[in-house]
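So you can see what is in the structure, the chains are spelled out below.
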Amino acid sequence: MEEEEEGGEKLQSPDHSSMQEVTSEGGLEQGQREETLRFSHMTDIQKAKDIESVPAACMVERNLRRSFPRAYSTSSHPGRDRERRVEEPRGSGPFFFMGGTNGAEIVSSYCESRGWKRIYNKHREDFKLKWCETKSPANYSNFREGEQLMYQIPNNKVLTTKIGLLSSLREYERVSSKVNHGRTSRRLKIEEFIPTTFRMDVREEREAFFAQQEGVSNNRNQMWICKPTGMNQGRGIFLLKSPEDVSTFRLKLEQGEGRQASRRTQHRQPQARIVQHYIQKPLLLKGKKFDVRSFLLIACTSPYMVFFRHGYVRLTCELYDPSSNNLSAHLTNQYMQKKNPLYSQLKEDTVWSMESFNTYVNDRFQVAKGLPRDWVLDVFAKRMQQIMMQCFFAVKSKLDRRLGYFDLIGCDFMVDEEFKVWLLEMNCNPALHTNCDVLKEVIPSTVVETLDLTLEIFNKCRLRQTILPLDSQREFMLLYNGVLPSDKELACSKENSEEKSQLKSFSPRHRSRLSPQRSSHPSSSSSSHSTQIVKCKKARPRVELKLSKCTFHHQLKAVDNMQHSENQEKT
């Protein structure tokens, strides 16, 4: 599901007074925009050399203090500037292209700190990096693998739309149930981390849902939430809180089907929807509903390099009331909370850091619920990672894999009052706005490290160098790498590697809190991340002339076996 910046307005559903629907014509543009702002040349050659010597993170932090990025005009007449087409930079580059505004200032500042030049013509093919909010076939048709970087995997919808993720997980569960996984950690069942869900675009599931609701009394414990598969920020969402709401919704679907069938010409299909069981007893923070945004980074697809990073906590402005007809009391995202009249006063209270969340749980629930200390940063973090990895494995064989594709995905989790963790959804193009203090701490560093890791892995693959350890790894934790040595080499590397080298796979920030999680996600021998001898797919094998202890032991054992077999033949 693609996530966009805030915008739009809320409309009440005309069908029933207790059904509310959110629609929007605002937000980020769905198509690519060609910027028509006045271009200011970045710098001369000498300044570019000076800029390259400054660390990217420092330059981004410095540039973010400005109210406008360097490529934007600060004129008091922005309308006039938009009428002037920018002057396209020429020369040898490197060049980068930004499509849209989500994270544009952070990404532009990062690229400029490296001496890269921004281009504004979306049809140019001489870019080093293309960062676009929306996916267009034109972006990928002329992509040069191993030479260019492209933000967003072209078919990430199998992971980042509600129906795409649900279908992928169901298929993965069906196939995995027929395979003996040996001693690997148990895979979760879908119902263990995703609320009961029905697809309204599949007749059998739709009829099963409505059949289940027939005869159900007016029970408030049977609330359902209806979501369109490819929309975000609460747009198109409404609650089904009573049998009357369900009947009204059913009639609406039947009327839509009738209109579609009566049309002679084929029009675009209506937005597919899911109906999901509403978690009515969530864990509350100071009486308010919340969810947690974490990040899944696929820094490389060939080979796969997958990382986890903590994000932040999103809270509602109002105290939680399950009977409320106001959607902003049920949906926690900033887009919805900005509709609350008190948002400007409560803005900083609607986003918490993970450290604040951890402290609150320690103080309020550790003793009362019998939780281990630092449950948030330990147990909860491991559970999120386990769920993320199961989702990744479900789409691992489906995603388009080309050297240069990368993706940053926002994963939203909820915790209920029994401290059970639920995955709500995964979002491509997660919101990168920095409109409060916590977001100013989290978002820029997340984007900078995303680009640092992606570039380092990309360059090492091009040069056929060993990928790990990663010099740019800071807050992101390595969950999965797709290229490992053989089992014997892996065993030897475990025996001979130093403890410091082993810990490099984990976020430095969490090494003191989290032990290496070799079983924190469904894994096999090919998905362990404890080894550091990981090479690019195209790397030439290293020839070792000196025998290690492990190799010598195997050779002695082979000789003994040979002598034993010869003795048996003689007898």
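If you're wondering where the values come from, they're calculated on a predicted model, not measured in any experiment.

**Section: the overall build of the chain**
- When helices and strands are counted, the chain shows 17 helices and 16 strands.
- Taken across its 571 residues, the chain has 53% of its residues classed as buried.
- For the chain, restricting intrachain contacts to residue pairs at least 6 apart in sequence, the fraction spanning at least 24 positions comes to 73%.

**Considering the packing of helix H7 (residues 162-176) against helix H13 (residues 376-395)**
- With their axes 8 Å apart at the nearest point, H7 and H13 run at an angle of 85 degrees to one another. Taken as axis vectors, H7 and H13 run roughly perpendicular relative to one another. Together, Leu165, Ser168, Leu169 and Tyr172 of H7 and Gln390, Cys391, Phe393, Ala394 and Val395 of H13 make up the contact between the two elements.

**Focus: a negative patch on the surface**
- A cluster of acidic residues, Glu348, Asp349, Asp437 and Glu441, forms a negative patch on the protein surface.
- As for its position among the elements, Asp349 is in the loop between helix H11 (343-346) and strand E13 (351-353).

**Details of the packing of helix H12 (residues 354-364) against H13**
- Packing of H12 against H13 brings their axes to within 10 Å, and their N-to-C directions diverge by 115 degrees. The pairing of H12 with H13 is recorded here as roughly perpendicular in orientation. Mapping the contact onto sequence places Met354, Phe357, Asn358 and Val361 in H12 and Val376, Leu377 and Phe380 in H13.

**A short note on the pairing of strand E10 (residues 273-277)**
- Of all 5 residues in E10, 4 are buried, a share of seventy percent or more.
- Sheet topology places strand E7 (residues 197-199) next to E10; 3 bridges connect them, and they run antiparallel. Paired with Phe198 across the two strands is Val275, which belongs to E10.
- For strand E8 (residues 224-228) and E10, the ladder comprises 5 bridges, and the chain directions are antiparallel. Bridging across to E10, Pro228 finds its partner in Arg273.

**Quick word on the environment of Ser302**
- Tracing the backbone shows Ser302 in the loop between strand E11 (290-301) and strand E12 (304-315).
- Accessibility expressed as a relative area gives 13% for Ser302, which makes it buried.
- Between the alpha carbons of Ser302 and Leu403 there is a distance of 5.1 Å; along the sequence they are 101 residues apart.

Parameters at a glance
- Residues numbered from 1 in each chain as written.
- Predicted model: local features only at pLDDT ≥ 70, side-chain atom pairs only at ≥ 80, totals over all residues.
- Heavy atoms only, no water.
- Helix = DSSP H or I, 4+ residues; strand = E, 2+ residues; numbered from the N terminus.
- Buried < 20%, exposed > 50% of the residue type's maximum accessible area, 1.4 Å probe, protein only.
- Contact = heavy atoms within 4.5 Å.
- Axes fitted to C-alpha atoms, helices over the stretch in contact; angles between N-to-C directions.
- Parallel < 35°, antiparallel > 145°, perpendicular 65-115°, else oblique.
- Patch = residues over 30% accessible without salt bridge, like charges linked within 9 Å, V, L, I, M, F, W, Y side chains within 5 Å.
- Areas by Shrake-Rupley, 256 points an atom, 1.4 Å probe, with all protein chains shown as cover.
- Salt bridge = Lys/Arg side-chain N within 4 Å of Asp/Glu carboxyl O.
- Lys, Arg positive; Asp, Glu negative; His and termini not counted.
- Charge placed at Lys NZ, Arg CZ, Asp CG, Glu CD.
- Pairing = 2+ DSSP bridges.

Any link to function would need more than the numbers given here.
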